[in-house]
Amino acid sequence: MLKSEVISLQVDEIKKRINEAAERSGQDSDRVQIIAVTKFVGPERIGEAVGAGINILGENRVQEFIKKYPLVEGPVQWHLIGSLQTNKVKSVIDKVELIHSLDRDSLALEISRQAQRFGRPVKALVQVNVSGESTKRGLATDELFPFIKKVTQLDGLLIKGLMTIAPLGDPESIRPVFRTLRHLYENLAEKDLPGVQMEYLSMGMTNDFEIAVEEGANLIRIGTGIFGGR
Ligand SMILES: *Cc1c(COP(=O)(O)O)cnc(C)c1O
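The structure presented is a predicted model; accordingly, all values stated were derived computationally and were not measured. In every chain, residue numbers begin from 1 and rise along the written sequence. In view of the model being predicted, local features appear only for residues whose pLDDT reaches at least 70, and side-chain atom pairs are presented and counted only at 80 or more, with totals across whole chains, interfaces and linings using the full set of residues. The side-chain values count all of the structure's non-hydrogen atoms but skip hydrogen atoms and water molecules.

I'd like to hear about the packing of aromatic side chains, residue by residue, with values.
Note on ring pairs: Phe, Tyr and Trp rings are taken, using the six-membered ring of Trp, and paired if centres are within 6.5 Å. Classes follow the plane angle, with under 30 degrees stacked, over 60 edge-to-face and the rest tilted. Tallying each qualifying case throughout the model produces two aromatic pairs. Aromatic side chains Phe65 and Tyr69 sit 5.6 Å apart centroid to centroid with 65 degrees between the ring planes, which places their arrangement in the edge-to-face category. The partly exposed category is assigned to Tyr69, whose relative accessible area is 30%. Taken together, the aromatic side chains of Phe65, Tyr69 and Trp78 make up a single cluster linked through ring pairs. The ring of Tyr69 carries the charged tip of Lys95 above its face, separated from the ring centre by 6.0 Å. For each residue, the accessible area found with a 1.4 Å probe, counting protein chains only, is set against the maximum for its type, and the residue is called buried under 20%, exposed over 50%, and partly exposed in between. Whether a charge lies above a ring is judged from NZ of Lys or CZ of Arg, which has to be within 6 Å of the ring centre and within 35 degrees of the ring normal.

As structure tokens, this is what we get:
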């Protein structure tokens, strides 16, 4: 079998499992969008995923993103899903549709500054470290509301939702992490703050996306499940 067929079969398989998870939990599977995570994947195979119907790509390293960005053709948008250094903001801001990793004041400030320079608002998700693991980036849950209140004052920055990375582990220990993020998301949506639109709940990767979908994720980030092992 050709590699491209494998990628296309994997994409179909992920879609099927999304549908099943959505059905189990009474959610609308049409709301769930797949981000194909291109970490360690070259332009050719990324192109095959696009050929298989993927239209959102996610990269977690800025340098890789800048390299791959001009090499992938077709109707795709790119999301930056990994940690972003302040001094790299200006090299990605005109190329990314959504930044998933807003996690500190200095980054919010720089995004705002560059957004104004480019004359276009920039959309970002706030990354939350729900599990509190010291190895994970993101705001603690109790830092989230004060942070969002502060950054909504900044011009050119649009807060579009929340993102988290769950700890490794068995599914039932992961579920509360996703559920907590969804509650935070719903609380924020109710507050109806200016400059804040809770549109995207980015959670779930290859090993845990079904639980994330059951808990209300609408953006899931799949790497190995589409492209195979790294
Ligand atoms: C690598 C990565 C993913 C995808 O991980 P898989 O387990 O390969 O699906 C998702 N989100 C982030 C932030 C990543 O760095």
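Describe in detail the pairing of strand S5 (residues 122-127), supporting the description with residues and values.
For S5, the tally of buried residues reaches five of six residues, placing the bulk of the element in the interior. Two strands pair under a simple rule: DSSP has to find at least two bridges between them. Numbered from the N terminus, helices here are DSSP runs of H or I no shorter than four residues, and strands are runs of E no shorter than two. Sheet analysis places strand S4 (residues 98-102) next to S5, joined by two bridges and oriented parallel. Opposite Leu102, over in S5, you have Val126 as the bridge partner. Crossover handedness is defined here as right-handed if the route from the first strand over the helix to the second strand goes clockwise, with the strands pointing away from the viewer. Read as a crossover between parallel neighbours, the route from S4 over helix H5 (residues 105-118) to S5 is right-handed.

Go over the nonpolar core with me, naming the residues and quoting the values.
With 67 residues, the main nonpolar core has Leu102, Ile148, Leu162 and Ile226 as its most contacted residues. Ranked by residue count, the leading element in this core is helix H7 (residues 171-191), at seven residues. Excluding residues that lie within four positions of it along the chain, Ile226 makes contacts with Ile7, Gln10, Val11, Ile14, Ile34, Ala36, Ala49 and Ile54. Counting six residues, the second-largest nonpolar core is a separate cluster that includes Ile56, Leu98, Leu125 and Met163. In this description, a nonpolar core means a group of buried Ala, Val, Leu, Ile, Met, Phe, Trp, Tyr and Cys residues linked to one another through side-chain atoms lying within 4.5 Å. Pairs of residues are marked as contacts when any of their non-hydrogen atoms sit within 4.5 Å.

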